[in-house]
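# Structural features, examined
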Amino acid sequence: MKDINYDVMLYRRNELEKNLDEIRATISGRTCQFRDYIETDGKIDAKKTERFIQDIIKAYQEFLDNDEKFENDKTCVTKGKLKKLLHHYLYITIVGPKNEYEYTLNTFLPYCFFNNKNKYFDDLLSLSNELITYKNLKDLYFDEQYYIKEESGYEAGSYIDYLNNLFQSVTEKTILETYKLPKEIWDENNIIKLNNEDTVASENDVYNENSDRDIFKDNILAPLADEESEELPLDNEDVIELPEPSPEYYEEQEKILLAEFAEVQETESETLEEWKASVPDPIKFCDIYIEFRNLFFDNALSSFTKNWKDNVTNMIDAFLYKEGLSLYSLGDDYGMIAKHIHITAKKINIIRHKKEQ
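Residues numbered from 1 in each chain as written. Predicted model: local features only at pLDDT ≥ 70, side-chain atom pairs only at ≥ 80, totals over all residues. Heavy atoms only, no water.

### A word on the overall build of the protein
- Helix and strand content of the protein: 13 helices and four strands.
- The long-range share in the protein, meaning contacts at least 24 apart out of those at least 6 apart in sequence, stands at 73%.
- As presented, the protein carries roughly 22900 Å² of accessible surface, and 49% of it is formed by carbon and sulfur atoms. (Helix = DSSP H or I, 4+ residues; strand = E, 2+ residues; numbered from the N terminus. Contact = heavy atoms within 4.5 Å. Areas by Shrake-Rupley, 256 points an atom, 1.4 Å probe, with all protein chains shown as cover.)

### So, the packing of aromatic side chains
- Taken as a whole, this structure holds 21 aromatic pairs when the rule is applied.
- Between Tyr37 and Phe52, the aromatic rings sit 4.9 Å apart at their centres with planes inclined by 20°, giving stacked as the arrangement. You can see Tyr37 sitting in helix α2 (residues 35–38) and its partner Phe52 sitting in helix α3 (residues 46–66), a full 15 residues away along the chain.
- Note on Tyr37: relative accessible area 25%, which makes it partly exposed. (Phe/Tyr/Trp six-rings, centres within 6.5 Å; stacked < 30°, edge-to-face > 60°. Buried < 20%, exposed > 50% of the residue type's maximum accessible area, 1.4 Å probe, protein only.)

### Considering helix α10 (residues 282–296)
- Spanning 15 residues, α10 covers 21 Å between terminal C-alpha atoms, matching the ideal 21 Å at 1.5 Å per step.
- All buried positions along α10 are accounted for by Pro282, Phe285, Cys286, Ile288, Tyr289, Ile290, Phe292, Arg293, Leu295 and Phe296.
- The backbone nitrogen of Ile283 has a side-chain oxygen 3.1 Å away, supplied by the residue at the start of α10, namely Asp281. (Expected span 1.5 Å × (residues − 1). Polar contact = N/O pair within 3.5 Å; in protein donor to acceptor, adjacent residues only side chain to side chain.)

### Things to note about the packing of α3 against helix α4 (residues 80–95)
- Relative to each other, α3 and α4 sit at 130°, their axes nearing to 10 Å. Between α3 and α4, the interaxial angle falls into the category oblique. As α3 runs across α4, the sense of the crossing is right-handed. Residues Thr49, Glu50, Phe52, Ile53, Gln54, Ile56, Ile57 and Tyr60 of α3 form the contact with α4, whose participating residues are Lys83, Leu86, His87, Leu90, Tyr91, Ile94 and Val95.
- Taken together, the residues of the contact of α3 with α4 sort by class into 10 nonpolar, three polar and two charged. (Axes fitted to C-alpha atoms, helices over the stretch in contact; angles between N-to-C directions. Parallel < 35°, antiparallel > 145°, perpendicular 65-115°, else oblique. Left-handed = near helix turned anticlockwise from the far one by under 90°. Nonpolar A, V, L, I, M, F, W, Y, C, P; charged D, E, K, R; others polar.)

### Things to note about the nonpolar core
- Core analysis: the biggest nonpolar cluster contains 59 residues, and Leu85, Leu90, Ile94, Phe285, Phe292, Trp308 and Ile316 have the highest contact counts within it.
- Looking at this core, the elements that each hand over two or more residues are α3, α4, α5 (137–146), α6 (159–171), α9 (247–278), α10 and α12 (308–323).
- Other than its neighbours up to four places away in sequence, Leu85 contacts Phe292, Leu295, Phe296, Leu301, Phe304, Thr305 and Trp308. (Core = buried A, V, L, I, M, F, W, Y, C linked by side-chain atoms within 4.5 Å.)

### Here we look at unusual backbone geometry
- At Glu172, a residue that is not glycine, the phi angle is positive and equals roughly 60°.
- Position of Glu172 among the secondary structure elements: in the loop between α6 and α7 (211–218).
- Its relative accessible area of 71% is what places Glu172 among the exposed residues.

### Remarks on the confidence of the model for the protein
- Considering every residue of the protein, the mean pLDDT works out to 76; 71% of them sit at 70 or more.
- Taken as a whole, residues 148–153 scores under 50 in pLDDT and shows 11 contacts with residues more than four places along the chain or in a different chain.
- Here residues 194–230 is a poorly scored stretch, pLDDT under 50, and it has 55 contacts once near neighbours within four places are set aside; other chains count. (pLDDT = per-residue confidence, 0-100.)

### Some details on the side chain of Arg30
- With respect to the element layout, Arg30 can be found in the loop between α1 (6–28) and α2.
- We classify Arg30 as buried; its relative accessible area is 8%.
- Within the structure, Arg30 has its side chain in polar contact with the side chain of Ser28 (distance 3.2 Å).
- Beyond its immediate chain neighbours, meaning those up to four positions away, Arg30 contacts Arg24, Ala25, Tyr120, Phe121, Asp122, Leu125, Thr313, Ile316, Asp317 and Leu320.

Here it is in structure tokens:
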């Protein structure tokens, strides 16, 4: 039986989803920039930003009031905890830096580019699908403390990780130091208890959120050790034994890795200072970030946050529609867009039928 490569299916399906998301973002207007709404003379204006946030929330309330599905619910987003939750979310994604990571050539360390230039409305969805993977604040804390990639949605390069790095850079405190959790969830070693107390995480499975940086700093040859540890197939009779690299080779590699590590630190430091200079109050931003995280897991808001991504998407799209930035607001011209989509669907269907013949 022929081996089936499911990686091809997954890759193509992911590419399709990306293309569909790009079409949705373009039609809704999320590919438009919003700098003019918040900036004065190239810097973020606190009053304009607040007005922008209030206008988005107001448009969302009008959308909810107009939607027949919400007639019996009468969801109100213009007061109380729900307004504060949406306000803080928008403030973080508007004022916060754009989630940009790039990786060094040899160490694969991420650069954090702390800037908020060229931000688009689509960037306001950057945090909309990460927190929903957690049932409560305790679960998020556990991942931030132990950082189990395979078992969580918390990953290097995620927006939560990005904001946590920013928080630490501004306040000189780790995100873990902000938690005020009940004593009963801690064990005698001051370690948070697992949901399943029979589960024991080994040292190889868990590590602190910043440990990857510590590894490269303290053991700069770690990547080289990883390469050497790869096992060759035992049934390969044509294995060629390569000569052991010389000490000079390791010395040269160490210089390269140390230089890249220094470049990462310098880039993060420079862009962080640029971001601080562009925002009204970096400390206020960090305070709002912490308050938002606490609000998100408030039981009183769970009925709203369980559909968080859809709700945030509707909020942004409703504002764009009201502002006339959305192609949905076109008159007869929107028919041309629908026609192009329909024609594309028919062409794909023709290919489908050819395959079946």
